[in-house]
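Observations on the three-dimensional arrangement
Letter by letter, the chains look like this.
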Amino acid sequence: QVQLVESGGGLVQAGGSLRLSCAASGRTFSSYAMGWFRQAPGKEREFVAAISWSTYYGDSVKGRFTISRDNAKNTVSLQMNSLKPEDTAVYYCAANSVSHIGVGTADYAYWGQGTQVTVSS
């Protein structure tokens, strides 16, 4: 069983930055594919970024967001720059117990509780 706890959400003005973090339990964290998804009100959960031995980004965040991981600390982070009002959503950390990067919610077995990000115009 893997437990994920997100932190770092909040309110920021358009053009600003936020850094989300996700702390994971589990002794084999380095072998997990980790992902970030987001869900705005009335919309489906959307892929944002993922990291395993490589990284992959959704089209809407390429060039603005950066995903990284620290295997020694069992953490994965999402640096979000040049934020836009349309980035407003609940952001979820997700983990899969294999190293395969997926872009769908079904590719991840474990989920955090989510953290709210609100970008004002």
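Anything mentioned here points back to the structure above.
This section reports on the structure supplied with the text. The residue count restarts for each chain, going from 1 along the sequence in the order it is written. Two thresholds apply to this predicted model, a pLDDT of at least 70 for residue-level local features and 80 or more for giving and counting side-chain atom pairs, whereas whole-chain, interface and lining totals are computed over all residues. Note that the side-chain values use all heavy atoms of the structure and ignore hydrogens as well as water.

A word on the overall build of the protein chain
Note on conventions: DSSP H or I runs of at least 4 residues are helices, E runs of at least 2 residues are strands, and numbering of each starts at the N terminus. From N to C terminus, the protein chain includes zero helices and 11 strands. Traced from its N-terminal end to its C-terminal end, the protein chain shows the element sequence β-β-β-β-β-β-β-β-β-β-β. Here the radius of gyration uses the C-alpha set of atoms, whereas the globule reference equals 2.2 Å times the residue count to the power 0.38. In terms of overall dimensions, the protein chain is globule-like: its C-alpha atoms have a radius of gyration of 13 Å, near the 14 Å expected for 121 residues. Expressed as lengths along the three principal axes of its C-alpha atoms, the size of the protein chain is roughly 40 × 25 × 25 Å. Exposure categories follow from relative accessible area, calculated using a 1.4 Å probe and restricted to protein chains: below 20% of the type maximum is buried, above 50% is exposed, and the middle band is partly exposed. Within the protein chain, the fraction of its 121 residues that count as buried is 45%. For the protein chain, contacts bridging at least 24 residues in sequence account for 60% of all contacts bridging at least 6. Computed with the Shrake-Rupley method and a 1.4 Å probe, the accessible areas treat only the protein chains shown as cover for residues. A total accessible area of about 6,100 Å² is found for the protein chain, and carbon and sulfur atoms account for 48% of it. For this count, His and the chain ends are skipped, Lys and Arg are scored as positive, and Asp and Glu as negative. For charged residues, the charge sits on one atom: NZ in Lys, CZ in Arg, CG in Asp, CD in Glu. Counting 10 positive and 8 negative side-chain charges, the protein chain places the averaged centre of each group 6 Å from the other. Only heavy atoms matter for contacts: two residues are in contact if any of them lie within 4.5 Å across the pair.

A closer look at the packing of aromatic side chains
Aromatic pairing here means that ring centres of Phe, Tyr or Trp (its six-membered ring) are within 6.5 Å. Orientation follows from the plane angle: under 30 degrees is stacked, over 60 is edge-to-face, and everything else is tilted. Throughout the structure, instances matching the rule amount to six aromatic pairs. Summarising the aromatic geometry, the rings of F37 and F47 are spaced 5.6 Å apart at their centres and angled 75 degrees between planes, so their arrangement reads as edge-to-face. Of the two residues, F37 is situated in strand β4 (residues 33-39) and F47 in strand β5 (residues 46-51); the sequence distance between them amounts to 10 residues. Judged by its relative accessible area of 1%, F37 falls in the buried class. Relative accessible area serves as the criterion here: at 12%, F47 is assigned to the buried category. An aromatic cluster of at least three residues, connected via ring pairs, comprises F37, F47, Y56, Y108 and W111. When the NZ atom of lysine or the CZ atom of arginine is within 6 Å of a ring's centre and also within 35 degrees of its normal, the charge is said to sit over that ring. Directly above the ring of W111 sits R45, whose terminal nitrogen or CZ lies 5.0 Å from the centroid. Its end group placed over the ring of F29, R69 keeps NZ or CZ at 4.7 Å from the ring centre.

Observations concerning the pattern of salt bridges
One speaks of a salt bridge when a side-chain nitrogen belonging to Lys or Arg is within 4 Å of a carboxyl oxygen belonging to Asp or Glu. Counted under the stated rule, the structure contains four salt bridges. The closest approach of N and O atoms between E46 and R38, which form a salt bridge, is 2.8 Å. A relative accessible area of 33% places E46 in the partly exposed class. On the basis of relative accessible area, R38 is assigned to the buried category, the value being 6%. In this structure, D59 and K62 form a salt bridge, with 3.2 Å as the shortest nitrogen-oxygen distance. On the accessibility criterion, D59 (67% relative accessible area) is exposed.

Remarks on the state of the cysteines
We call a pair of cysteine sulfur atoms a disulfide whenever their separation is within 2.5 Å. Taken as a whole and judged by the stated rule, the model has one disulfide. Between the sulfur atoms of C22 and its disulfide partner C93 the distance amounts to 2.1 Å. One quick way to see it: the torsion about the S-S bond of C22 and C93 is about -80 degrees, and its sign makes the bridge left-handed. With a gap of 71 residues between them, C22 in strand β3 (residues 18-24) and C93 in strand β9 (residues 89-96) connect regions that are remote in the sequence. Assigned by exposure class, C22 and C93 land together as buried.

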